[in-house]
Amino acid sequence: SGRFLPEAIAEIERNLTDLLWKYADQSDRVRYEVLDLHEQRSRVEILRKEFGVLDANRILVVARGADGEVRKRKVLSLEDVALPPEPLSYRLIGGFRGDEALVQAIRTVTTDEVVTICFTTGHGEIDPSDRMGFLMAYLEEEAYRFETVDLRTRGRVPEDCQVLVVAGGERSFEEEEVEAVID
């Protein structure tokens, strides 16, 4: 939150509170709590012990099972829900993207579905683990799994592959490989 002025943080908090109120109004399964780290120290300590780190200006999204036990959690920062303002801008924040960030966090903690993303190999494509390691690590936290596939040797796209990525190949696909993708 060092990228936002205190007035910007207050605006982000207002936007988040309005958004969370709308979510809670639409579903009795959504509850939210806004805490002041200085005013509500005992509650903050309880959450800190239960969930680990709970720093200032963090959004904690939690899914509990029917037994009340925590199944999954996701922590968002202010940078996840708002863009910093452009240099020399009169605006406090560059844009609010809390809706997208919260929906993705809720999806992450409430689903067990893992999306498989396959990267083709064998044509001089970019190695995703080499060039996209940070992105892959982030997406793995968001319930994505990565796999490489050589269509020449495999002959088909894997059944569980939901997204096929051709990342900058240097050689053309052979006709059999194109047919494997189309099928």
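In the block above lies the structure referred to throughout.
The numbers attached to residues start from 1 for each chain and follow its sequence in the written order. Per-residue local features of the predicted model are confined to residues with pLDDT of at least 70, and side-chain atom pairs are confined, for both listing and counting, to 80 or more; whole-chain, interface and lining totals are unaffected and use all residues. To obtain the side-chain values, all non-hydrogen atoms of the structure were used and water was disregarded.

**Student:** Looking at this model, I keep getting lost on the layout of surface pockets. Mind explaining?
**Tutor:** Over the atoms, a rolled probe matching the size of one water molecule traces out where space is still vacant. Using a grid of 1 Å spacing that covers the protein atoms alone, one calls a set of points a cavity when a 1.4 Å probe fits there but cannot get out, and a pocket when the set is open and has protein on both sides within 12 Å along at least five of seven lines; lining residues are those with an atom within 4 Å of a point. Grid points are joined across faces, edges and corners, and a volume is the space filled by probe spheres set on the points. Of the volumes computed, that of the largest pocket is approximately 1,400 Å³. Considering the residues around the largest pocket, the lining is formed by 38 residues, among which Arg31, Tyr32, Glu33, Leu60 and Val61 are closest to the centre. Think of it this way: any DSSP run of H or I at least four residues long counts as a helix, any run of E at least two long counts as a strand, and we number them from the N terminus. Elements represented by at least two residues in the lining of the largest pocket include exactly helix 1 (6-26), helix 2 (41-51), strand 1 (58-64) and helix 4 (98-110). The dominant element in the lining of the largest pocket, judged by the number of residues it contributes, is strand 1, at seven residues. Side-chain classes follow a simple rule in which Ala, Val, Leu, Ile, Met, Phe, Trp, Tyr, Cys and Pro form the nonpolar group, Asp, Glu, Lys and Arg form the charged group, and the remainder, Gly included, forms the polar group. Its residues assigned to classes, the lining of the largest pocket comprises 21 nonpolar, six polar and 11 charged.

**Student:** How should a nonpolar patch on the surface be read in this particular structure?
**Tutor:** Together, Trp21, Tyr32 and Val34 line one region of the surface with nonpolar side chains, adding up to about 320 Å² of accessible area. Locating valine 34 in the fold gives a position in the loop between helix 1 and helix 2. A simple rule labels every residue: compare its accessible area, found with a 1.4 Å probe on the protein chains alone, to the largest value its type can have, and call it buried under 20%, exposed over 50%, or partly exposed in between. On the basis of relative accessibility, which here comes to 52%, the residue valine 34 falls in the exposed class. Patch membership requires more than 30% relative accessible area and the absence of a salt bridge. Residues of like charge join within 9 Å; the nonpolar side chains Val, Leu, Ile, Met, Phe, Trp and Tyr join within 5 Å. Method for areas: the Shrake-Rupley scheme with a 1.4 Å probe, in which residue coverage is limited to the protein chains shown. A carboxyl oxygen of Asp or Glu within 4 Å of a side-chain nitrogen of Lys or Arg is what we treat as a salt bridge.

Note that every value here comes from positions in space, so none of it alone points to a role or purpose.
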